[in-house]
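What the coordinates show
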Amino acid sequence: MVQLSTPSLLVALPSMTDPHFSRSVLLLVQHARDGAMGYVINRPLPMSLRDQSFQNRYKIPADIPVWMGGPVATNNGVVLHNEGRDISATFSFDKLRISVSDEAITGLLESNDEELQLEAPRRGHQPYRFIIGQASWGAKQLEAELKAGLWIQRQMDEKLVFSTPWQEIWPRAFDDLGIHPLDIKPSVQSYLN
């Protein structure tokens, strides 16, 4: 089994035609013999967090967006953030956290308030993101997709994830590698045999 590093980014190659993943960038958070899991980070949904079920528990402003993390478990939401203080997080990698804790939700709300109070909001800066759903792969499924030339893995880049406008994440993921997506020819990745 090829061990993919976590956390890392999976960038959909132009050959990816699945509408859930076309032109997407995923944060890979788990990879083991029995499968893998991650979250799409560049797919906003046409709803706000206020539309979600915990309006009764928190006072949610109408302007906090929701992101589609993938087609699996779409009734579940998590907060992706890079504040590093959340000791109850489901996944922790250095400062990167994926969490459902009260601390993460509170941080999301406070971060939104701080951004609204800035005279000039920071373009693309988003230290917290509420994500619904996830991407999951069965045993060897992700390896087969990599081998088929549907994804390219690259190292985690906090600036790309948290400080880049969502519509620029996919093209910048290639720019940072010195690649133009249209220059990529489909091929089988033999190193994954």
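All values reported here derive from a predicted model rather than from experimental measurement.

1. Quick look at the packing of aromatic side chains
Taken as a whole and assessed by the stated rule, the structure comprises 4 aromatic pairs. Between tryptophan 170 and phenylalanine 174 the ring centres are 5.1 Å apart and the planes differ by 80°, which places this aromatic pair in the edge-to-face class. Of this pair, tryptophan 170 and phenylalanine 174 both sit in helix H4 (residues 166-175), 4 residues apart, roughly one helical turn. Per residue, the accessibility class of tryptophan 170 equals that of phenylalanine 174, and both read buried. Through a chain of ring-to-ring contacts, the aromatic side chains of Phe21, Trp137 and Trp151 assemble into a single cluster.

2. A closer look at H4
Burial in H4 covers these residues: Glu168, Ile169, Trp170, Ala173 and Phe174. Where H4 is buried, its residues meet strand S1 (8-12), strand S2 (25-32), strand S10 (151-155) and helix H3 (158-162).

3. A word on empty space enclosed by the protein
Per the stated rule, a full pass over the model turns up 1 cavity of 30 Å³ or more. The volume enclosed by the largest cavity comes to roughly 30 Å³. Taken together, 12 residues form the lining of the largest cavity, with His31, Ala32, Gly35, Lys140 and Glu143 sitting closest to its centre. Elements with a contribution of two residues or more to the lining of the largest cavity: S2, strand S3 (35-40) and helix H2 (141-147). Residue composition of the lining of the largest cavity, by class: 6 nonpolar, 3 polar and 3 charged.

4. Describing the environment of tryptophan 151
Mapped onto the fold, tryptophan 151 is located in strand S10. Owing to a relative accessible area of 2%, tryptophan 151 belongs among the buried residues under this scheme. C-alpha separation for the pair tryptophan 151 and leucine 10, spaced 141 residues apart in sequence, amounts to 6.0 Å. What tryptophan 151 contacts, discounting residues up to four positions off in sequence, is Leu10, Val11, Ala12, Leu13, Met16, Phe21, Ser24, Leu26, Trp137, Leu142, Glu145 and Leu146. In terms of polar contacts, tryptophan 151 uses its side chain to reach the side chain of glutamate 145, at 2.7 Å.

5. Topic: the nonpolar core
Ranked by internal contacts, the top residues of the largest apolar core, which has 39 residues, are Leu27, Leu80, Trp137, Leu142 and Trp151. With 5 residues, the single largest contributor to this core is S2. Those residues within four positions of tryptophan 137 in sequence are excluded, and the remaining contacts are Leu10, Leu26, Leu28, Asp34, Gly35, Ala36, Met37, Gly38, Leu142, Glu145 and Trp151. By size, the runner-up hydrophobic cluster in this structure holds 12 residues, among which are Ile60, Val79, Leu109 and Tyr128.

6. Focus: the pattern of salt bridges
For the structure shown, the criterion picks out 2 salt bridges. Residue aspartate 157 pairs with arginine 154 through a salt bridge whose shortest N-O separation is 3.4 Å. Here the two residues aspartate 157 and arginine 154 agree in accessibility, since each one is buried. In this structure, arginine 172 engages glutamate 168 in a salt bridge whose closest nitrogen and oxygen atoms are separated by 2.6 Å. Taken together, the residues arginine 172 and glutamate 168, both in helix H4 and 4 residues apart, mark about one turn of the helix.

7. A look at unusual backbone geometry
The amide bond that connects threonine 6 to the next residue, proline 7, takes the cis arrangement and shows omega of -5°. Following the sequence through the fold, proline 7 ends up in the segment before S1. Of note in this structure, aspartate 94 is not a glycine but carries a positive phi near 55°. Here aspartate 94 shows up in the loop between strand S7 (91-93) and strand S8 (96-99). Here lysine 140, not a glycine, exhibits a phi torsion of approximately 65°, which is positive. One can find lysine 140 in the loop between strand S9 (128-137) and H2.

Here is what the cut-offs are and how they apply
Residues numbered from 1 in each chain as written. Predicted model: local features only at pLDDT ≥ 70, side-chain atom pairs only at ≥ 80, totals over all residues. Heavy atoms only, no water. Phe/Tyr/Trp six-rings, centres within 6.5 Å; stacked < 30°, edge-to-face > 60°. Helix = DSSP H or I, 4+ residues; strand = E, 2+ residues; numbered from the N terminus. Buried < 20%, exposed > 50% of the residue type's maximum accessible area, 1.4 Å probe, protein only. Contact = heavy atoms within 4.5 Å. 1 Å grid on protein atoms, 1.4 Å probe; cavity = no way out; pocket = protein on both sides within 12 Å on 5 of 7 lines; lining within 4 Å. Points joined across faces, edges and corners; volume = space filled by probe spheres on them. Nonpolar A, V, L, I, M, F, W, Y, C, P; charged D, E, K, R; others polar. Polar contact = N/O pair within 3.5 Å; in protein donor to acceptor, adjacent residues only side chain to side chain. Core = buried A, V, L, I, M, F, W, Y, C linked by side-chain atoms within 4.5 Å. Salt bridge = Lys/Arg side-chain N within 4 Å of Asp/Glu carboxyl O.

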